[in-house]
Amino acid sequence: MSDLLKNIIRFTFFILVQWFVLFKIPPLHRFIVPYIYYLFILWLPFYIPRFWLLVIGFLTGLSLDYFTQTPGLHAAACVLIAYIRPFIINILLPKDTSEFNYREPSPRTMGWTPYAVYVLILTLFHHSYMLLLEWLSFGDFITFAVKLIATTGISFLLIFTTELLFPRKMRYRTNTA
Amino acid sequence: MRNIFLFIGRYFTFFIFLVFQVLALSFLFRYNKYHHAVGLGMTNELTGWMNSKYANVDNYFHLKQESDRIHRINDSLINLLQSNFLNPDTATKFVQDSIPYDTLGHRRRYLWRDAEVVSNSVNSERNYIQINRGSKQGVKDNMGVLNSDLSLVGIVVNTSDNFSQVMSLLHVKNNVNAIMKKSGNAGTISWDGKNPLFLTMTGVPKSDSVVRGDTVLTGTYSLSFPPLKMIGRVASIVKDNSSNFYTLRIQTAANFQNLQHVFVVENLQSVEQEKLDKETRKKIDELKKPAR
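Going along each chain's sequence as written, the residues are numbered from 1 onward. All chains are assigned letters beginning at A, and all ligands numbers beginning at 1, according to the order in which they are written. Where totals are concerned, whole chains, interfaces and linings use all residues; where local detail is concerned, this predicted model gives features only for residues with pLDDT of at least 70, and gives and counts side-chain atom pairs only at 80 or more. Computation of side-chain values: all heavy atoms of the structure, hydrogens and water removed.

**A few points about the sheet that holds strand β9 (residues 215-218) of chain B**
All names here are of chain B.
Okay, step 1: The six strands lie next to each other as β6-β7-β8-β11-β10-β9, forming a closed barrel whose pairing is antiparallel. Taken over all neighbouring pairs, the strand axes of this sheet differ in orientation by 40° on average, direction set aside.
Okay, step 2: One requirement defines pairing of two strands: DSSP has to find at least two bridges between them. Per the convention used, a helix needs a DSSP run of H or I reaching at least four residues, while a strand needs a run of E reaching at least two, with both numbered from the N terminus. Where strand β8 (residues 198-205) and strand β11 (residues 245-252) come together, seven bridges link them in antiparallel fashion. Along β11, the bridge assignment pairs Leu199 with Ile250. In this analysis an axis means a line fitted to C-alpha atoms, helices contributing only their contacting stretch, and an angle means the value between N-to-C directions, from 0 to 180 degrees.

**Section: the packing of helix α4 (residues 73-92) of chain A against helix α2 (residues 12-31) of chain B**
Okay, step 1: Relative to each other, α4(A) and α2(B) sit at 165°, their axes nearing to 8 Å. Classified by the interaxial angle, the pair formed by α4(A) and α2(B) is roughly antiparallel. The hand of the α4(A)/α2(B) crossing is left-handed. When α4(A) is examined against α2(B), the residues A:Leu73, A:Ala75, A:Ala76, A:Val79, A:Leu80 and A:Tyr83 are found in contact with a partner set consisting of B:Thr13, B:Phe14, B:Phe17, B:Phe20, B:Gln21, B:Ala24, B:Leu25 and B:Leu28.
Okay, step 2: In terms of residue class, the contact of α4(A) with α2(B) is built from twelve nonpolar, two polar and no charged. Roughly parallel refers to an angle under 35 degrees, roughly antiparallel to one over 145, roughly perpendicular to one between 65 and 115, and oblique to any angle outside these ranges. Each helix crossing is assigned a hand: it is left-handed if the near helix lies turned anticlockwise from the far helix by less than a right angle, otherwise right-handed if that turn is clockwise. Whether two residues are in contact is decided by their heavy atoms: any pair within 4.5 Å suffices. Any residue outside Ala, Val, Leu, Ile, Met, Phe, Trp, Tyr, Cys, Pro, Asp, Glu, Lys and Arg is labelled polar, Gly included; the first ten of those are nonpolar and the last four are charged.

**Side note on the sheet that holds strand β1 (residues 110-120) of chain B**
Residue and element names in this part refer to chain B.
Okay, step 1: Overall, antiparallel pairing links the six strands, which are arranged β1-β2-β5-β4-β3-β12 in a closed barrel. For this sheet the average axis-to-axis angle between neighbouring strands, irrespective of direction, equals 45°.
Okay, step 2: Pairing of strand β2 (residues 126-131) with strand β5 (residues 164-171) involves five bridges; the strand directions are antiparallel. In the strand pairing of β5, Arg126 is matched with His171.
Okay, step 3: On top of the sheet, helix α4 (residues 63-80) reaches β1 and β12 (261-267); it is set at about 150° to β1, its chief contact.

**Re the side chain of A:Arg85**
All names here are of chain A.
Okay, step 1: As for its position among the elements, Arg85 is in helix α4.
Okay, step 2: Polar side-chain contacts of Arg85 include one of 2.9 Å to the backbone oxygen of Ile41.
Okay, step 3: Ignoring any residue separated from it by four or fewer positions in sequence, one finds Arg85 in contact with Ile41, Leu42, Trp43, Leu44, Pro45, Phe46, Leu53, Pro105, Tyr118 and Leu122. Two N or O atoms count as a polar contact when they lie within 3.5 Å, although within protein this holds only if one can serve as hydrogen donor and the other as acceptor, and sequence-adjacent residues are included solely when both atoms are side-chain atoms.

**Some details on the interface of chain A and chain B**
Okay, step 1: Taken together, the 21 residues of chain A in the interface contact 18 residues of chain B.
Okay, step 2: A quick way to say it: buried area is the sum, across both parts, of accessible area lost when two parts are put together, with a 1.4 Å probe. Summed over both partners, the interface of chain A with chain B comes to about 1,700 Å²; 77% of that surface belongs to carbon and sulfur atoms.
Okay, step 3: Salt bridges, as used here, are contacts in which a Lys or Arg side-chain nitrogen is within 4 Å of a carboxyl oxygen on Asp or Glu. Where chain A packs against chain B, one counts zero salt bridges.
Okay, step 4: Across the contact surface, chain A and chain B share seven residue pairs in polar contact (both at pLDDT 80 or more).
Okay, step 5: Elements with a contribution of two residues or more to the side of chain A that touches chain B: α3 (50-68), α4 and α7 (112-135) of chain A.
Okay, step 6: Of the residues in the side of chain A that touches chain B, the class split is 16 nonpolar, three polar and two charged.

**Remarks on the environment of A:Gln18**
Residues and elements named next belong to chain A.
Okay, step 1: Checked against the element boundaries, Gln18 lands in helix α1 (residues 3-22).
Okay, step 2: Partly exposed residues are those whose accessible area sits between 20% and 50% of the maximum for their type, while under 20% is buried and over 50% is exposed, using a 1.4 Å probe and protein chains only. Since its relative accessible area comes to 0%, Gln18 is described here as buried.
Okay, step 3: Sequence-wise, Gln18 and Thr161 are 143 residues apart; in three dimensions their C-alpha atoms are separated by 15 Å.
Okay, step 4: Excluding anything up to four places from it in sequence, Gln18 contacts Phe23, Pro34, Tyr35, Ile36, Tyr37 and Leu64.
Okay, step 5: Within the structure, the side chain of Gln18 is placed 3.2 Å from the backbone oxygen of Pro34, a separation counted as a polar contact.

**Looking at a nonpolar patch on the surface**
Residue and element names in this part refer to chain B.
Okay, step 1: Note on patches: the residues involved have over 30% relative accessible area and no salt bridge, like charges join within 9 Å, and the nonpolar side chains Val, Leu, Ile, Met, Phe, Trp and Tyr join within 5 Å. The protein chains shown are the only cover counted for residues, whose accessible areas, like all others here, come from Shrake-Rupley with a 1.4 Å probe. A surface patch of nonpolar side chains, amounting to about 800 Å² of accessible area, comprises Met1, Ile4, Phe5, Phe7, Ile8, Tyr11, Phe14 and Leu18.
Okay, step 2: When residues of the nonpolar patch are traced back to their parent elements, those giving at least two are α1 (2-10) and α2.
Okay, step 3: Among the elements that make up the nonpolar patch, the one with the highest residue count is α1 (four residues).
Okay, step 4: Tracing the sequence through the fold places Tyr11 in the loop between α1 and α2.
Okay, step 5: Classification of Tyr11 by relative accessible area gives partly exposed; the value is 36%.

**Concerning the packing of α7(A) against helix α8 (residues 141-165) of chain A**
Residue and element names in this part refer to chain A.
Okay, step 1: α8 packs onto α7 with a crossing angle of 140° between their chain directions and a minimal axis gap of 9 Å. The angle between the axes of α7 and α8 places the two elements in the oblique class. For the pair α7 and α8, the sense of crossing is right-handed. Taken together, the residues of α8 that come into contact with α7 (itself represented by Trp112, Tyr115, Ala116, Val119, Leu120, Thr123, Leu124, His127, Ser128, Leu131, Leu132 and Trp135) are Thr143, Phe144, Lys147, Leu148, Thr151, Thr152, Ser155, Phe156, Ile159, Phe160, Glu163 and Leu164.
Okay, step 2: Looking at the contact of α7 with α8 residue by residue, the classes come out as 15 nonpolar, seven polar and two charged.

**With respect to the pattern of salt bridges**
Okay, step 1: If you walk through the whole model with that rule in mind, you get twelve salt bridges over all chains.
Okay, step 2: For A:Glu104, the salt bridge identified is with A:Arg168, shortest N-O distance 2.8 Å. Taken together, the residues A:Glu104 in the loop between α5 (98-101) and α6 (107-110) and A:Arg168 in the segment after α8 connect sequence positions 64 residues apart.
Okay, step 3: Linking B:Arg69 and B:Glu66 is a salt bridge whose minimum nitrogen-to-oxygen distance equals 2.8 Å. Placement of the pair is B:Arg69 and B:Glu66 together in helix α4, with a separation of three residues, close to one helical turn.

**Focus on the environment of A:Leu80**
Okay, step 1: Secondary-structure assignment places A:Leu80 in helix α4.
Okay, step 2: Along the sequence, A:Leu80 and A:Phe156 sit 76 residues apart, while their C-alpha atoms lie 18 Å from each other.
Okay, step 3: Look past the residues within four positions of A:Leu80 in its chain and what remains in contact with it is A:Phe125, A:Tyr129, B:Phe17 and B:Gln21.

**Some points on the pairing of strand β4 (residues 152-159) of chain B**
Residues and elements named next belong to chain B.
Okay, step 1: One ladder, built from three bridges, connects strand β3 (residues 144-147) with β4; its direction is antiparallel. Paired with Val145 across the strands is Gly154, a residue of β4.
Okay, step 2: Following β3, the chain reverses through four residues before pairing antiparallel with β4; Leu150 in that reversal takes a positive phi of roughly 65°.
Okay, step 3: Note: β4 against β5, five bridges, orientation antiparallel. Directly across from Val156, in β5, lies its bridge partner Val166.
Okay, step 4: Here β4 folds back onto β5, and the loop between the two strands holds four residues.

Written as structure tokens, this is what we have:
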């Protein structure tokens, strides 16, 4: 299966799960909104040019926005994490090993700790930016922080459950292949 | 030009990022009611803030017109004051008028005109103020001049067609009738020619208990200016044991250094009063003659 086809399927899957499952379940608490759709951006292959990364991020956010009827909200957050993603990867990975040996970020290719840091940073960026845009103010800063932490926690939980349930098989690329 | 392209090329991703952010945010603020409202509110706040700053600066350029306007309005309002009218005892006069004030001017005692100071001095011994109203505008000698707070400033001593010369209170020849507000005791205001902030008041008997801060008003018997207008406050009492009268230093109520707008007040009945006074003297003189 080619990368393109695989990612199109993932894209559809994540958006549908996000809208028809995670947004439809009864709200757990006013501070907890489960988000997972942006895992699609986290899972994109290493070799995508940064320009296309931004385009894909924008389209991902916008497609969810058309479900939630809030044009621009998720798109802005997704563009932000799509922009930051290469920097984080550069910091966390030595340039000449995994990026060339594997196709996309995963616990197996990066190691659990760097991958967790990678997910955590992007999740925090995504949620804080989106919350800020949603409220257009910090409001009560405590409320903002608590909501940010709770939402990040639940996303973190969802992402790692996904990683454990659906371990992606990462082929080790060599020059000979 | 080449450098610009290099710059754009170097930060290409960042610019694309900005473009997408702006696009997303424009969607956000255009199509979401809440964000639309909040966005409009924020821009309103911002432009309002800038406008108020601008208006603050802009106001300075209109201060002159504004103060002129206020002075004109003050003039028209002061002319309406009840205290400008000397009402005869209506109990003896069975004429009812539907107009509360006699517009024909039969009973009006004081008429106010606004004027502007065109030149002024405080550092001579004989200080004069020149105002931009003259005989063509109805200003005559011996009219009182008050500042915009209605504190006494001086008396008109000479007029030309369009200007008048006012003898300031800060004039060594000035001699103004004044009373203490508390006791009503009369005295005379003069100036020693030294400090433009202080006048001298004499003639208040020592039976009056004067303390520092007492108010001094214009006297009730003057023909030039209306009674009970502010002149100043007692600043200190000069020790003088040889006299039965106080010598008081009065701090002026009007600030003579920055006079701009003034009122010229005309006593419409002064001619009649003066005539009566003159005729009475003549009459008494004639009465006395045969006795001699």
